[in-house]
Amino acid sequence: MKTRFLLLMLGSSALAADPNVKTDAVAGNEAVKKIMETRAGRGVMRDDTPPTPPEEALKKFKIRSDVVIDLMAAEPVVEQPLYVSWDSKGRMWVVQYRQYQFPAGLKIISYDQHLRAKFDKVPLPPPRGEKGADKITVFEDTDGDGFFDKHEDVITGLNIASAALHGMGRIWVLNPPYLLSYADADFDAKPDNDTPEVELSGFGLEDTHSVATNLQWGMDGWLYGANGSTTTGNVSSANTKNVKWEGQCIWRYHPKKMTFEIYGEGGGNTFSLDFDSKGRLFSGTNGATRGMHYEQGSYGIKGWGKHGPLTNPYAFGWFEHMKHEGDNKRFPQAFTVYEGGLLGSAYEGKIIAPNALHNLVYVSERLPDGSTFRTKDEENLLSTPDRWFRPVWAGVGPDGGFYMADWYDTRLSHVSPIDDWHKTSGRIYRVRPAAGAPKLKPFDLSKASGEELLGYLSHPNEWFRKQAILEIGWRHLTELGPKLKALPQTLETLWALDALGLADDLPFTSSDPYIRRWSVKMVGEENRNTDALLKMAKTEKHPEVRAQILATAKKIPAQSALPLLWVGDAEDISGHLPLLAWWALESKAEKERAAVFTFLKADTAFLKTTLFLDHLAEKLAKRYALAGGEENFQSCADLLALTNDEALRGKFIAGIASAFEGAEMPKLPESLTKALNDYMAKQGGGDLTLALRSGNADALKKALALLSDKKASNTARIGIAKTLAELGKQEAVMPMVAILKTTNPASLKRGMLQAAAKFGDKRIPEALLLGWETQISGDQALREDALRVMAGRKEWAQILVSFVNDWKVPVKHFTIDIVRQLSLHKDPEIDAAIDKHWKGLLATGPTPEKKKESERIKAVLKTGLGDAEKGKIQFMGRCFICHKLFGEGGAIGPELTGYDRSNADFWLDNLFMPSMEIREGFGAYIVKTKGGQILTGLMDAQDAKGIVIKDMANNKTALKQTDIESMTASPISLMPEGLTTGMSDADLKDFFAYLMKK
């Protein structure tokens, strides 16, 4: 450990006695100050356990037998390390995020429900702006013994600096809201002057936990970065203005062209990104999988309510995280694909993903899943009982070792307005073979000869291969062109030729699919060789190459792009190819409308493909209808005119109809109206839903008749009821009331309830309550749906509680979520009823009663567990509808399989205080409509039209944006407290035996 002690002797990072920021220093007004002083934190907060000294912490790691872990740097030299990179001399650059969590010199003037801050001003870039405590430190191994013996702070006074990367003779620093570049012509790792160039501006600062970070050089000449989930962006460069988004994405910037764009959108909290040796792009996640795989121009899953909609309102779909098999504990946000050549075949090509929440590091295999991947866990790389271990970054160094930046703190959650972070701790670790530390002689690729750089193209460590290619491009060594072309063709030689602008004859016919894939990508980057691409596309079978062809089709002109859609007509179990084909087609729908219709008219065979019939036709019609306007409506008519095939016309009609769900259709062009009427006439009365939306009076009569027709299917009656309700047809109220009052299947009544809820008519709650015992209460699901519907309107809720007060509706029929919904009205009459009948039920924090019951259950469990099979019955009755465990259950709450299930305290804390920590993606929302409804539930979807709210019973309600009066995040978990009420000691033993089953 000589290096450790040397670093300590060299270190001199003196801080003030108390580096934490006080409330008065950042609160811009009394309202914000009150929030900061009273709002409880959520998640893993700070505790009073002491840190373990670095050398002692090292001994606590349990690690695979074939590797060992080295402490490469620690406090006081490193404090709050966030990001690490290496330059062409092998020097390690560490960004120390010591200013976190509040930017220096700014005042918070408001918080939103997710604790995202709005500041009083936009900070100026350095050196003009307020100086912060962030700094960049460079470490060097000058004697080649495998450990660092020199370090120097090269840039200080930064203010929320999240990444630093050397290249092109410059030091690139992400310091949101800016991407800066400092000149370093002599490559001494120090800026040539104190004033950087502002390359980009407009990255969000709302949540400094999830700002833009993780700079990486792509082999295409672009500089890539990740943006977290709870910040926004409105980014401009010299040649690109106001690129806007909300939430997580992968973005890129071309330093020579000075252009900026979003590369792929969505994911978890995209704090990390990594390219593998094939040029494929991945990121980690804060969920329970290993992360996301991004195709160029793709859209991914987001937490819609918290993180906002996709930038494209017509995406009509998204990629999910990679499917995962293995440990389902959440938060493997750091991510790297190991291809360092040092650790051996057991690690090569595998994902190594630290989990900061659970103090461990995964190793996961990547397996093909159609055109994308799925992951499968292997033996963990390491773990530690030291809960201060918080690895926030992972990567591979020039020596081939696996490196981690350890934030080292007991606190992990950002959902607290208090700065109580442990600002004077941090470590850098390396995992390497047990045989000995890797030793590299000092090198400098920036001065290496051309021949030396060519030699590095076959280096076993991916880092050297890529860095050599970057240097060839940055130094513009065009004299290497002939030698590169003479070498065996590899991705590396192709990348090097492209970096020099000499990749003229793209190898579309290579036997290597990844060379073909990258050749296709290059077509999209420069819009070249599109004829050759079309020829290739006709024979291409590899799913990943097909995916890139469709991604490229989105970027090139329609005339060349649209024939490429054929490659999407192939089996792909991941479902990615149809979505990529849609996004390519959608990108041309309006901008190159004429070319779209020219293609569809000329290539009639394409209209008959499974791809077009099942995935594109309906979306295209919906896209035009949703965009609206005379020209787009005419395009809807033109689609119908393309074919006489009734199945295809039906797809177009369905798309048009879906665009107008929840409203009557606007006035349409005569040609479209005629086409729709003709279609409906041919259908013998036609699509009744579509006719209703068109304002057809005869259709209303038929719809009301269908609603009352006992011989019609329940599905048809429910469907027409929902349409009538969305259109506000009051004539539908009495037929609905009749169904609710009389003997009918519970499933039909539940469907009617969701439609009836749209109306404010008092006849609906009266029908429910007068027939409560005979028609409603016997079915639990129907009963609870009825109570939720009535609790959602103030006037109905007042009628409901009057029946409860008169003992006509039993108090025991109310679940906690229904009582919470009643409480949202803030009405004295309703509040009095809550106080009378459900006093104490809404308490969400710790109480003496909860503590006493928790201790009682803990004492019962200490005497032993019961029968897990009997416990499963308890789980099915109490938890199954919301939570999945061992592959069975609902998805309203998080899956429980991957949690620390053997810990009784974990279960009891969450059973008695579920609002203590609400999992990302499972926070409830309170939505008030302009029609007077209050709805609570999870945000199930969000797009250009509006949102979908899912309640505790999995009922989904679609709301147009124009119908929403307000929407706020609830601090209360949807999960009811007291789930163990009524359980005997034997029941408890059985229940916990199932929960804790291995």
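All values reported here derive from a predicted model rather than from experimental measurement. Per chain, the residues get numbers from 1 upward, laid out in the order the sequence is written. Restriction of local features to residues with pLDDT of at least 70 applies here, the model being predicted, together with a cutoff of 80 or more for giving and counting side-chain atom pairs; totals for whole chains, interfaces and linings are based on all residues. Computation of side-chain values: all heavy atoms of the structure, hydrogens and water removed.

Peer 1: Kindly report on helix α15 (residues 593-602), identifying the contributing residues and their values.
Peer 2: What α15 keeps buried is the set Arg593, Val596, Phe597, Phe599 and Leu600. Angular distribution of buried residues about the axis of α15 spans 160 degrees; they occupy a single face of the element. For α15, the exposed residues set more than 90 degrees away from the buried face come down to Ala594, Thr598, Lys601 and Ala602. The contact criterion used throughout is that any non-hydrogen atoms of two residues lie within 4.5 Å. Going along the chain from the N terminus, every DSSP run of H or I of four or more residues is numbered as a helix, and every run of E of two or more is numbered as a strand. For α15, the secondary structure elements touched by its buried residues are α14 (576-586), α16 (604-607), α17 (610-627) and α18 (630-640). When accessible area is computed with a 1.4 Å probe and restricted to protein chains, residues below 20% of their type maximum are described as buried, those above 50% as exposed, and intermediate ones as partly exposed. This arc is taken over the directions from the axis of the helix to the C-beta atoms.

Peer 1: Can you tell me about α14, naming the residues and giving the values?
Peer 2: In terms of burial, α14 is a largely internal element, 11 of the 11 residues being buried. Among the residues of α14, His576, Leu577, Pro578, Leu579, Leu580, Ala581, Trp582, Trp583, Ala584, Leu585 and Glu586 are the ones counted as buried. Buried residues belonging to α14 abut β22 (298-299), β27 (372-377), α12 (543-555), α15 and α17.

Peer 1: Tell me about the packing of aromatic side chains, residues and numbers included.
Peer 2: Ring pairs are drawn from Phe, Tyr and Trp, using the six-membered ring of Trp, whenever the two centres fall within 6.5 Å, and their geometry is named by plane angle: stacked under 30 degrees, edge-to-face over 60, tilted for the rest. Tallying each qualifying case throughout the model produces 43 aromatic pairs. Ring geometry for Tyr224 versus Tyr263: centroids 5.3 Å apart, planes at 75 degrees, classification edge-to-face. Here Tyr224, found in strand β14 (residues 223-227), pairs with Tyr263, found in strand β18 (residues 259-265); they are 39 residues apart in sequence, far enough to count as distant. Taken together, a centroid distance of 4.6 Å and an interplanar angle of 55 degrees make the contact between Trp304 and Trp318 tilted. Linking Trp304 in helix α5 (residues 304-307) with Trp318 in the loop between α5 and β23 (323-325), this pair joins segments that are 14 residues apart in sequence. By relative accessible area, Trp304 is classed as buried at 2%. Through successive ring pairs, a cluster of aromatic residues spans Trp566, Phe599, Phe606, Phe612 and Phe652.

Peer 1: How would you explain the packing of helix α32 (residues 848-862) against helix α35 (residues 985-995) if you had to name every residue and give the values?
Peer 2: Only the stretch in contact is used when fitting a helix axis, every axis being a line fitted to C-alpha atoms; angles between N-to-C directions are given from 0 to 180 degrees. For the pair α32 and α35, the least separation of the axes is 10 Å and the interaxial angle reads 75 degrees. With respect to each other, α32 and α35 are oriented roughly perpendicular. From α32, Arg856, Ile857, Val860 and Leu861 reach across to α35, where they touch Asp985, Leu988, Lys989 and Phe992. Among the residues making up the contact of α32 with α35, the classes are represented as five nonpolar, no polar and three charged. The scheme is simple: roughly parallel for angles under 35 degrees, roughly antiparallel for over 145, roughly perpendicular for 65 to 115, oblique for anything else. Ten residues, namely Ala, Val, Leu, Ile, Met, Phe, Trp, Tyr, Cys and Pro, are considered nonpolar, four, namely Asp, Glu, Lys and Arg, are considered charged, and the remaining ones, Gly among them, are considered polar.

Peer 1: Help me get a handle on the sheet that holds strand β15 (residues 232-236), residues and values and all.
Peer 2: Taking strand neighbours across the sheet as the criterion, the six strands line up as β9-β10-β11-β12-β15-β16 in an open arrangement whose pairing is antiparallel. The sheet is open, and its two edges are formed by β9 (163-167) and β16 (243-246), each paired on a single side. Strand-to-strand twist of the sheet, defined as the mean angle between neighbouring strand axes without regard to direction, takes the value 20 degrees. Note on pairing: DSSP must find at least two bridges between two strands before they are called paired. Looking at chain direction, strand β11 (residues 178-183) and strand β12 (residues 197-203) are connected through four bridges and run antiparallel. Paired with Leu179 across the two strands is Leu200, which belongs to β12.

Peer 1: Residues and numbers for the pairing of β12, please.
Peer 2: Two faces belong to every sheet, and in a regular strand the side chains alternate between them. Judged from the two bridges that link them, β12 and β15 form a sheet pairing that is antiparallel. Paired with Ser201 across the strands is Ser236, a residue of β15.

Peer 1: Go over the environment of Leu273, please, and point to the residues and values.
Peer 2: In this fold, Leu273 is placed in the loop between β18 and β19 (274-275). Overall, Leu273 belongs to the buried group, its relative accessible area being 2%. If sequence neighbours within four positions are ignored, Leu273 has contacts with Asn214, Gln216, Tyr224, Gly225, Ala226, Ile250, Leu281, Phe282 and Ser283.

Peer 1: Which residues make up the pairing of strand β10 (residues 170-175), and what are the values?
Peer 2: Along β10, five of the six residues are buried, which leaves the element largely enclosed by surrounding structure. Where β9 meets β10, five bridges bridge the pair, whose relative direction is antiparallel. Each bridged residue has a counterpart across the sheet, and for Ala164 the counterpart in β10 is Val173. Here β9 hands over to β10 after two residues, with Met168 in that stretch at a positive phi of 60 degrees. Relative to β11, β10 is paired through six bridges, and the arrangement is antiparallel. Paired with Trp172 across the bridge in β11 is Ser181. Hairpin connection between β10 and β11: a loop of two residues separates the two successive antiparallel strands.

Peer 1: Before we move on, could you go through the side chain of Arg717 and cite the residues and values that matter?
Peer 2: When you line up the elements, Arg717 lands in helix α23 (residues 714-726). Every residue in contact with Arg717, bar those within four places of it in the chain, is listed here: Leu706, Leu707, Ser708, Asp709, Lys710, Ala712, Ile739, Leu748 and Met752.

Peer 1: Tell me what's going on with the side chain of Arg430, and back it up with residues and numbers.
Peer 2: Turning to its location among the elements, Arg430 is positioned in strand β31 (residues 427-433). Taking relative accessible area as the criterion, Arg430 reaches 0% and is therefore assigned buried. A polar side-chain atom of Arg430 sits 2.9 Å from a polar atom in the side chain of Asp399. Counted as a polar contact is a pair of N or O atoms within 3.5 Å, where, for protein atoms, one must be capable of donating a hydrogen and the other of accepting one, and residues adjacent in sequence contribute only when both atoms are in side chains.

Peer 1: Lay out the environment of Gly167 with the relevant residues and their values.
Peer 2: For Gly167, the location among the structural elements is in strand β9. Residue Gly167 is classed as buried on the basis of its relative accessible area, which comes to 1%. Sequence separation between Gly167 and Leu223 is 56 residues, and the spatial gap between their C-alpha atoms is 9.9 Å.

Peer 1: Kindly report on the sheet that holds strand β13 (residues 213-217), identifying the contributing residues and their values.
Peer 2: Strand order in the open sheet formed by five strands is β13-β14-β17-β18-β22, with mixed pairing between adjacent strands. Strands with a single pairing partner mark the edges of an open sheet, and in this sheet they are β13 and β22. With three bridges joining them, β13 and β14 adopt antiparallel strand pairing. Within β14, the residue paired with Thr213 across the bridge is Ala226.

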